[in-house]
Amino acid sequence: MAAEKQSYGADIDDTLRSRVVVFEEEMERLYSLMYGETIPVWSYMTDDKGVYSEERTMRLVNQIVDEKRCDKMYGQEDEGQAGMSAFYQQILYCVLRVFTSGYIACAGGSRWGYGAPEEICFSHILSAFHGHGQEMLDGNVVFFMKTLYEIMAGKTICLDALGREEMETAGEGTDEEEAAGYETMEEALAEMYGYDIREIRNEEYRNIEETKRQAEAEKEKVIRFFPEKAHFCQSVEEVASFVEKKTIFGDRLFADIKELIRIFLLDRGISVFVDEEAYVEVMVQLKRTVRKAQKYTEG
């Protein structure tokens, strides 16, 4: 009976946590919609024919990270933080290029990436700056930035100061004894259920070989078609060099980039806040929801 109660209590806790997560996700989505962060960023990085334009991308970066506005964010309180606007511009440029690269990482039979450039929104760019703790960038972004740099520059680079890489090559660092134990378990299960372990191994081998082929194709695609490779690599190097010399707090970087992007969207009339009719309609519905929630809490 005690075990059943414990199980029931755990189920309730999981349900409540799930509800909180869903609620917070919807609130974040509302924020993104209101500020206009869900619109694609690609149109600001391309010419009239939809082809990537370095000139327009740099114009976008400079418009978002306006030097005067950025300098005001630091002001007198952060004396000694010279060059922050240039750093913000460079790291934003790197993130924009990574998200719109179209590059797909292939390893261990899996493929992952950020999707087509046309699908990338300002909210995606903001998510890149939401690292863990004091990390400046999300680990996936660090992985792709490092990978793209090393493909194009032909040399390695350490970006640990930006954040911890979350995507690692499958099997990398796997203990040999652990791997052997896993294979033994697989063989025992295959024998138990009457499967042909040789066919399973052959299929795994084919998947791994196909993944390697796809990985080489992706590298070739980057080398041949990634625009302005030299500028991207130089920017990555300068970002890495800057964070080695300066102490940058991840939460401050995220807050600043978020404010700068939201100001950019407001200035261009993209945000719902600048459309009186749309704003009023949304607020009417939101206040109804608030009153409903208040009714339940007062009950």
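Residues numbered from 1 in each chain as written. Predicted model: local features only at pLDDT ≥ 70, side-chain atom pairs only at ≥ 80, totals over all residues. Heavy atoms only, no water.

Section: the overall build of the protein chain
(1) Moving on: When you go through the protein chain residue by residue, the secondary structure sums to eleven helices and two strands.
(2) Moving on: When the helices and strands of the protein chain are placed in sequence order, the string is α-α-α-α-β-β-α-α-α-α-α-α-α.
(3) Moving on: Looking at the protein chain as a whole, 34% of its 299 residues are labelled buried.
(4) Moving on: If you take every contact in the protein chain between residues at least 6 apart in sequence, the share linking residues at least 24 apart comes to 73%.
(5) Moving on: With an accessible surface of roughly 18,700 Å², the protein chain has 51% of that area assigned to carbon and sulfur atoms. (Helix = DSSP H or I, 4+ residues; strand = E, 2+ residues; numbered from the N terminus. Buried < 20%, exposed > 50% of the residue type's maximum accessible area, 1.4 Å probe, protein only. Contact = heavy atoms within 4.5 Å. Areas by Shrake-Rupley, 256 points an atom, 1.4 Å probe, with all protein chains shown as cover.)

Comments concerning the nonpolar core
(1) Moving on: Formed by 62 residues in total, the largest nonpolar core has its most connected members in Phe87, Phe129, Leu137, Met145, Leu162 and Phe232.
(2) Moving on: Those elements that provide at least two residues to this core are helix H2 (54-64), helix H3 (67-74), helix H4 (84-99), strand S1 (104-107), helix H5 (122-128), helix H6 (139-153), helix H9 (229-245) and helix H10 (250-267).
(3) Moving on: Top element by residues in this core is H4. It accounts for eleven residues. (Core = buried A, V, L, I, M, F, W, Y, C linked by side-chain atoms within 4.5 Å.)

Overview of the pairing of strand S2 (residues 110-113)
(1) Moving on: Sheet topology note: the S1/S2 ladder contains four bridges and is antiparallel. Within S2, the residue paired with Cys106 across the bridge is Arg111.
(2) Moving on: Counted along the chain from S1 to the antiparallel partner S2, the turn is two residues long, and its residue Gly108 has a positive phi close to 60°. (Pairing = 2+ DSSP bridges.)

Things to note about unusual backbone geometry
(1) Moving on: A positive phi angle, close to 55°, is found at Glu228, a residue other than glycine.
(2) Moving on: Relative accessible area serves as the criterion here: at 41%, Glu228 is assigned to the partly exposed category.

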